[in-house]
Each structure stands twice: as structure tokens, then as C-alpha cells.
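# A structural walkthrough
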Amino acid sequence: MGKRDFVDRVDSVDPVDGVILVDPEALQGRKVFVTLSCTFRYGRDDMDVMGIAFRRELYLSTRQVYPPLQDREKGIHTRVQAKLLRKLGNNSYPFFFEFPDNLPCSVALQPAPSDVGKQCAVEFEIKAFSAESQDAKVRKRSTVKLMLRKVQYAPEGEGIAPSVETTRDFVMSDKPLHVKASLDKEVYYHGEPIKVHVSVTNNSSKNIKNIILSVDQIANVVLYSNDSYAKCVDIEDSGDSVSPGATLQKVYTLLPLLANNRERRGIALDGKLKHEDTNLASSSIVKEGVLKEVLGIMVSYRVMVKLIVGGSVGLEVPFKLMHPKPDAGKTANVFMFTAAVHICTTAGSSLKKLNQNIT
């Protein structure tokens, strides 16, 4: 395959394309199929209750690759497929899938350091296998898999900078307390400081003892029930006070990073491949009209501003945390990801030949 990250642009998603290299003699009459699947895993594979496994397939599509159902020369191939077909020769066969527009992006919930097994996650996978038929039992040694990621990048355009304000009246106070909190923009990139502009006009008789700011990550698990989990991923205890009749104009800086939350169970993360590092999960952008029940895990962010004043006065300022769209010029190099399976004693020599062809 030419890549393992596929971009969701809300109204369309990059197609999944690649090539399968087969050994017809080793297949001994079996067929070769390729499946694209999206799975929501919310428990270990070895856990089940009353025969119900803790995983659910949100999407599954299967294609027969060998024997081909149409002449290879008559098919329309992507540029990556055409290059691979030329390199790998006559025993290579293309496959092609299109994502539906209602699937979630790759996201996982961070396990605790003591947790074992696979984490709760939305995962995408390409699987190639050989079998007598599509529905036949598949042997593990007749299967090869590649994990994929479905990702979203920050939308183009600035958007409207979020701003929230409130006025609070108190008993035994003739005048109110007015608070306003605003951000410079709607979308922030991972690793970018967030400047929070706070304006307090305290015309009340109450003394504001402290101002606490935080960034909350809200993860909605919407598979069976709409459970919502709010986790603080950065906090600033300013210690600032505002006496009666006084005002305050100040800019605070917050920086939500996974590096400061690695030991915390339940933080939503962007999906990762193998042992690559990752980051806090990006904000979810959903196409209008899509049923949220099939989206697995949805992620959003907000800045919380709390004024401690004989209780608390709070403001919630929503924003998006995402990756910028990669510069096409900087990502022009194509990395070829390959996997092969051979069910015969000549596997070593066949794999060596495959690696020579690829390089």
C-alpha cells in the first residue's frame, strides 16, 4: 500500500487502494479475498459475557482478488497500484475500497499502566486471506493484516473566535458580577498554546478569591448509550483575586499535551500504528445527518473558567484541537508498506524475492 493514513474530509474520504502478491502454486486452488473493517473494541478479546464478545464491527466489506473477477488490463488503477503492478509482475492483483461517510476516525482510550490486553478503541484493518470461499473458516497462517488509520485535519478557514460571557446577581448585592472569556480562534493545533482572554468586572459586594482555568476533553461513547466522560488535560490555578468594585483584564495560557497525561486512564488519544507515539485525540467533525450511534467515540474540547466566589461562577468556551493539513510538497515521498503470506515450505525464498522486487 502507498499509505496507511486515510483522510476524512467530512464530505469524502480517501479511497483504500493496494496490491496483493500471490503464489498460485502455494494456494492449491484456494481463492484470495481482501476485507476492509472498522471495529469498535471495548474489552479484551478473551473477555465475553454470555457468549457476547466485547467488540462490534461497525463496517465490513470483502472483495475477491484472486482469481480476478475482471481482466487486470481493463481495470482502472491508481498511480500507486500501477507502479506496484509493474514491479511485482503478473502474480500481483489490485484491490480498492471506498469508506462510507458515516464511520468514526481512529481513536483509543488510554489504559491505566496496570491494564493488560488491547485498549478500548475504534480500529481500521485491511486483511487478506486465502480460503475455499469467502465464508469458509480462515486459518491464521493463511492471513495477513495491516492496521490503517482514518484521520481528520483542521478545516480550512479561520472560523469564528469563540467568546462566552455571563452576568451573575447575588443576594444582598445591588450590582452584578460580569465575566467574559474569549479565545483568539476556533481551531488550535496539537502542541499550540491556547491564550484565554478573561475580563472580570466585579460590581458586586462579593470577593473573588481565585480564578481557575482548565482544558477539558469530553469523550462521548455513543455505541450503545451516550456515555460522556470529561477529563481535565491541563489546568492553571492562577491565585488571582478580584475585590468588590475592582476589575481584571488578563490573558492566561493553557497547553494541553499527552506528555502531561500519560498515566491517566480514559484519556482519548488519536489512533496509532504499532508502537508509534500519538497525541490527545483530535476533535471529531461529523457530517450533518449522520447517525451518531455508529460513531463509536466522539471527542470535543472546552476551556473552563471558574471564579471562586462563595461557590463558583463558571464559563465554558468550546474549541477544536486538531492537526494541520500536511503540506503536500513535504509529504511527496511515498512509503510502500508491504506484507506477504506464503503457505508453503518455500516461504523464505518467496519473501526474499518479494523484498527484492519492492526495493
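Preceding this paragraph is the structure being described.
Below you will find a few notes about this structure. (Residues numbered from 1 in each chain as written. Predicted model: local features only at pLDDT ≥ 70, side-chain atom pairs only at ≥ 80, totals over all residues. Heavy atoms only, no water.)

The subject of this paragraph is helix 2 (residues 79-88). The α-helix advances 3.6 residues per turn, and as a result positions three or four apart in sequence lie on the same side. Along helix 2, the residues that are buried comprise Gln81, Leu84, Leu85 and Leu88. One face of helix 2 carries all of its buried residues, which in axial projection span an arc of 100°. The outward face of helix 2, more than 90 degrees from its buried face, is lined by the exposed residues Arg79 and Arg86. Note on helix 2: the residue one or two positions beyond its end, Gly89, has a positive phi of about 90°. (Buried < 20%, exposed > 50% of the residue type's maximum accessible area, 1.4 Å probe, protein only. Helix = DSSP H or I, 4+ residues; strand = E, 2+ residues; numbered from the N terminus. Arc of directions from axis to C-beta.)

What the four strands build is an open sheet, ordered 11-12-14-17; its pairing is antiparallel. The sheet is open, and its two edges are formed by strand 11 (163-168) and strand 17 (247-254), each paired on a single side. For this sheet, the mean angle separating the axes of adjacent strands, direction not counted, is 15°. Note that strand 11 and strand 12 (residues 177-183) share six bridges and pair antiparallel. (Pairing = 2+ DSSP bridges. Axes fitted to C-alpha atoms, helices over the stretch in contact; angles between N-to-C directions.)

Here we come to the pairing of strand 15 (residues 210-221). In terms of burial, strand 15 is a largely internal element, 10 of the 12 residues being buried. Across 12 bridges, strand 15 lies against strand 19 (residues 297-308) in antiparallel orientation. Its bridge partner lying in strand 19, Leu213 is registered against Val305. Pairing of strand 15 with strand 16 (residues 227-237), which is carried by 10 bridges, proceeds in the antiparallel orientation. Within strand 16, the position partnered with Gln217 by the bridge is Lys231.

Let's shift gears to the side chain of Ser173. With respect to the helices and strands, the residue Ser173 is situated in the loop between strand 11 and strand 12. Note on Ser173: relative accessible area 13%, which makes it buried. From its side chain, Ser173 meets the backbone oxygen of Lys175 in a polar contact 3.0 Å long. Those residues in contact with Ser173, other than ones at most four positions away along the chain, are Ser204 and Ser205. (Polar contact = N/O pair within 3.5 Å; in protein donor to acceptor, adjacent residues only side chain to side chain. Contact = heavy atoms within 4.5 Å.)

Further remarks concern a positive patch on the surface. Among the surface-exposed residues, Arg79, Lys83, Arg86 and Lys87 lie close enough to one another that they form a single positively charged patch. Position of Lys87 among the secondary structure elements: in helix 2. Judged by relative accessible area, which is 39%, Lys87 ranks as partly exposed. (Patch = residues over 30% accessible without salt bridge, like charges linked within 9 Å, V, L, I, M, F, W, Y side chains within 5 Å. Areas by Shrake-Rupley, 256 points an atom, 1.4 Å probe, with all protein chains shown as cover. Salt bridge = Lys/Arg side-chain N within 4 Å of Asp/Glu carboxyl O. Lys, Arg positive; Asp, Glu negative; His and termini not counted. Charge placed at Lys NZ, Arg CZ, Asp CG, Glu CD.)

Of all seven residues making up strand 12, five are buried, and the element is well covered by its neighbours. Here seven bridges tie strand 12 to strand 14 (residues 194-202), and the two strands are oriented antiparallel to one another. Paired with His178 across the two strands is Thr201, which belongs to strand 14.

This next bit is on the side chain of Asp14. Position of Asp14 among the secondary structure elements: in the loop between strand 1 (5-7) and strand 2 (16-21). Here Asp14 falls in the buried class, since its relative accessible area comes to 10%. A polar side-chain atom of Asp14 sits 2.4 Å from a polar atom in the side chain of Arg9. Once you skip the residues sitting within four places of it in the chain, Asp14 turns out to touch Lys3, Phe6, Val7, Arg9 and Phe99.

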